[in-house]
Amino acid sequence: MKYQIFGEKEVKNIPWQDRQAGCRDTVWRFEANPIIERNIIPCSNSVFNSAAVPFEDGFAGVFRVDNLARDMELHAGFSKDGIHWDICSDRIEFETEDEEMAEFCYGYDPRVVFIEDRWYLTWCNGYKFKPTIGIAWTKDFKTFHQTENAFLPFNRNGVLFPRKINGNYAMLSRPSDSGHTPFGDIFYSESPDMTFWGRHRHVMAPVRGWQSTKIGAGPVPVETSEGWLVFYHGVLTSCNGFVYSFSAALLDRDEPWKVIKRPRQYLISPQKLYECVGDVPNVTFPCANIVDAATGRIAIYYGCADTCTALCFTTIDDVIDFIKSDPGAPAAE
Ligand code: BMA
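So, here is what we can say about the structure in this document. Keep in mind that what you see is a predicted model, and the values were worked out from it rather than measured. Per chain, residue numbering runs from 1 following the sequence as it is written. It should be noted that, the model being predicted, local features are given only for residues of pLDDT at least 70 and side-chain atom pairs only at 80 or more, the latter also being counted only at that level, while totals for whole chains, interfaces and linings use all residues. The side-chain numbers reported here are obtained from all heavy atoms of the structure, hydrogens and water having been left aside.

**Re the overall build of the chain**
Where we set the bar: The secondary structure listing takes helices from DSSP runs of H or I that are at least 4 residues long and strands from runs of E that are at least 2 residues long, numbered from the N terminus. Computation of the radius of gyration draws on C-alpha atoms, with the globule rule given as 2.2 Å multiplied by the number of residues to the power 0.38. Each residue is placed in one exposure class: buried if its accessible area under a 1.4 Å probe, protein chains only, is under 20% of its type's maximum, exposed if it is over 50%, and partly exposed if it falls in between. Residue contacts are defined here by distance: any two heavy atoms, one from each residue, within 4.5 Å place the two residues in contact.
Secondary structure assignment for the chain yields 3 helices and 23 strands. Here the C-alpha atoms of the chain give a radius of gyration of 18 Å, agreeing with the 20 Å that 2.2 N^0.38 yields for 333 residues. Based on the C-alpha atoms only, the size of the chain along its principal axes is roughly 50 × 45 × 40 Å. For the chain, with 333 residues in total, the buried portion stands at 58%. Here the analysis covers contacts within the chain between residues at least 6 apart in sequence; of these, 55% occur between residues at least 24 apart.

Following this line, the structure appears as structure tokens:
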């Protein structure tokens, strides 16, 4: 490997498929996509923007399930190979001693990260039906302990870094509005205790092209010798509505609000039928990356058209070379 990875473990059974012959893409799709169909459990209308992590001798995850009433819920799931999933039919019922937190309105777009001794889940949490960033922790993916929301509404796409930075927990998020927000920059915040968040810093704004309307952090950042590798989604407003694509950028390891390099081009945009057709057409939305520290392989889980879940692959070297060789996103306009 050309570049070093920090803090990740060897994942021998990482879901993987080599790049197809003749394919020149930096990130390539799994041939058997989608891996999770919309009706995988009897109560699901759709299963999409979801988070998977290595767990015990297989994998565990938290899935966005919109049910047959079209309520937005979070369900846990388990898998031996990261491709075939058993998703629990009941939604996660969070344990909490605080009455204010106990009322579940809706939850979506989960991210999961291991920090110190437990798994943390962040998601878009409806607090009095207003979206903000919910936080919970688990050790077994069966019992989830909900703590305080990180921010006031309105906020979405809260993604924790996998380690403390300068002594504090660190999170990327995207302040928004109560609807289908037509704007959005990525910000960075710190907390000494996972409860009180501050020291907010601006990271990135939308720029021309596929990321011109709004952007939001995707999977958990990966620490490399070249900086924090972050996959993020960007939205373009076409005459037919929003189009969600994604790419990656490198952030400074000690001051992650400083962008080292951000490419101009996307890595994946909605092009396959399952990405273009569904409950919300033209959406590719990554929420998880599994990294094998031994080989540098990366498996990315992404939601497609707000309907099903798919996998795509790259390597640390390929994606960092892509970022470095791209001309770079233009300055904000
Ligand atoms: C965002 C979130 C995502 C969804 C996307 C496209 O605001 O709700 O869950 O995938 O819109 O509908």
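**Describing the sheet that holds strand β22 (residues 297–304)**
Which entries qualify depends on this criterion: Any two strands are treated as partners once DSSP identifies two or more bridges connecting them. Here the axes come from fitting lines to C-alpha atoms, over the contacting stretch only for helices, and the angles between their N-to-C directions go from 0 to 180 degrees.
The 4 strands are arranged β2-β23-β22-β21 in an open sheet whose pairing can be described as antiparallel. The open sheet is flanked by β2 (28–29) and β21 (284–291), the only strands paired with a single partner. Bridge count for β2 against strand β23 (residues 308–315) is 2 bridges, and the pairing is antiparallel. Following the sheet pairing, Trp28 is matched in β23 by Phe313. Along the sheet, helix α3 (residues 316–325) makes contact with β2, β22 and β23, crossing β23 at roughly 80 degrees.

**Topic: a negative patch on the surface**
This is how it is decided: Here, patches come from residues exposed beyond 30% relative accessible area and free of salt bridges, joined within 9 Å for like charges and within 5 Å for nonpolar side chains (Val, Leu, Ile, Met, Phe, Trp, Tyr). Each accessible area value is a Shrake-Rupley result obtained with a 1.4 Å probe; residue values ignore everything except the protein chains displayed when judging cover. Here, a salt bridge means any side-chain nitrogen of Lys or Arg that lies within 4 Å of a carboxyl oxygen of Asp or Glu. Residues scored as charged are limited to Lys and Arg (positive) and Asp and Glu (negative), so that His and the chain ends carry no count. Where a charge sits is defined by one atom per residue type, namely NZ (Lys), CZ (Arg), CG (Asp) or CD (Glu).
Where like charges cluster on the molecular surface, the negative patch consists of Glu95, Glu97, Asp98, Glu99, Glu100 and Glu148. Relative to the assigned elements, Asp98 resides in the loop between β7 (86–87) and α1 (99–102). The class for Asp98 is partly exposed, based on a relative accessible area of 32%.

**Things to note about unusual backbone geometry**
If a residue is not glycine, its phi is most likely negative; likewise, a peptide bond is most likely trans. Going from Asn33 to Pro34, the amide bond is cis rather than trans, its omega being -10 degrees. Looking at the element boundaries, Pro34 is found in the loop between β2 and β3 (44–47). With an omega dihedral of 10 degrees, the bond running from Pro153 to Phe154 counts as a cis peptide bond. Within the secondary structure, Phe154 is located in the loop between β11 (145–146) and β12 (155–160). Located in the positive-phi region is Asn282, a residue other than glycine, with phi close to 65 degrees. Residue placement: Asn282 occurs in the loop between α2 (273–276) and β21.

**What to know about the environment of Phe55**
Position of Phe55 relative to the elements: it lies in strand β4 (residues 51–55). The spacing of Phe55 and Lys139 is 84 residues in sequence and 10.0 Å in space, taken between C-alpha atoms. For Phe55, the contacting residues outside a window of four places in its chain are Ala60, Phe78, Trp119, Lys139, Asp140 and Phe141.

**Points about the pairing of strand β19 (residues 241–251)**
For β19, the tally of buried residues reaches 9 of 11 residues, placing the bulk of the element in the interior. Sheet topology places strand β18 (residues 227–238) next to β19; 11 bridges connect them, and they run antiparallel. From the neighbouring strand, Leu236 faces β19, where its bridge partner is Val243. In textbook terms, the turn of a hairpin is the stretch between consecutive antiparallel strands, and for β18 and β19 this stretch comprises 2 residues.

**Here's the deal with the packing of aromatic side chains**
Here is the rule: Pairing of aromatic rings covers Phe, Tyr and the six-membered ring of Trp, with a centre-to-centre limit of 6.5 Å; geometry is then stacked below 30 degrees between planes, edge-to-face above 60, and tilted otherwise. The rule for a charge over a ring is simple: NZ of Lys or CZ of Arg within 6 Å of the ring centre, and within 35 degrees of the ring normal.
For the structure shown, the criterion picks out 23 aromatic pairs. Centre to centre, the rings of Phe114 and Trp119 are 4.9 Å apart; their planes meet at 65 degrees, and the pair counts as edge-to-face. Three or more aromatic residues link up through ring pairs in this structure, and these residues are Phe55, Phe78, Phe94, Phe114, Trp119, Trp123, Phe141 and Phe144. Lying across the ring of Trp137, Arg118 places its NZ or CZ 4.3 Å from the centre. Positioned above the aromatic ring of Tyr169, the side-chain terminus of Lys164 is 4.7 Å from the ring centre.

**Some details on the sheet that holds β12**
Sheets are built from strands that pair by backbone hydrogen bonding, the pairs being arranged parallel or antiparallel. Strands sit in the order β12-β13-β14-β15 across an open sheet of 4 strands; the sheet is antiparallel. A strand with exactly one partner marks an edge of an open sheet, and here the two such strands are β12 and β15 (198–204). The average undirected angle you get between the axes of adjacent strands in this sheet is 30 degrees. Note: strand β13 (residues 169–175) against strand β14 (residues 186–191), 5 bridges, orientation antiparallel.

**Points about the site of the ligand**
For clarity, the threshold we go by: Only heavy atoms are used to decide nearness, and a residue is near a molecule or strand if one of them lies within 4 Å of it. Here a polar contact is taken to be a pair of N or O atoms separated by no more than 3.5 Å, where protein atoms must pair a possible hydrogen donor with a possible acceptor and residues adjacent in sequence count only if both atoms sit in side chains.
Contacts to the ligand come from Asn49, Arg64, Tyr108, Asp109, Tyr244, Val280, Val283, Phe285 and Asp306. Between Arg64 and the ligand, the recorded distance is 2.6 Å, taken from a side-chain N or O atom to an oxygen atom. Between an oxygen atom of the ligand and a side-chain N or O atom of Tyr244, the distance comes to 3.1 Å. Alone, the ligand offers 310 Å² of accessible surface; in the complex the protein occludes 85% of this.

**Observations regarding the pattern of salt bridges**
Two side chains with opposite charge may pair up if their charged atoms get near one another. A full pass over the atoms with the stated rule returns 18 salt bridges. For Asp318, the salt bridge goes to Arg19, with nearest N and O atoms at 3.1 Å. With a gap of 299 residues between them, Asp318 in helix α3 and Arg19 in the loop between β1 (5–6) and β2 connect regions that are remote in the sequence. Where Arg118 meets Asp117, a salt bridge forms, and the shortest distance between an N and an O atom there is 2.9 Å. You can call Arg118 buried: its relative accessible area is 19%. Here the residues in one salt-bridge network are Arg38, Arg70 and Asp279, joined through shared partners.

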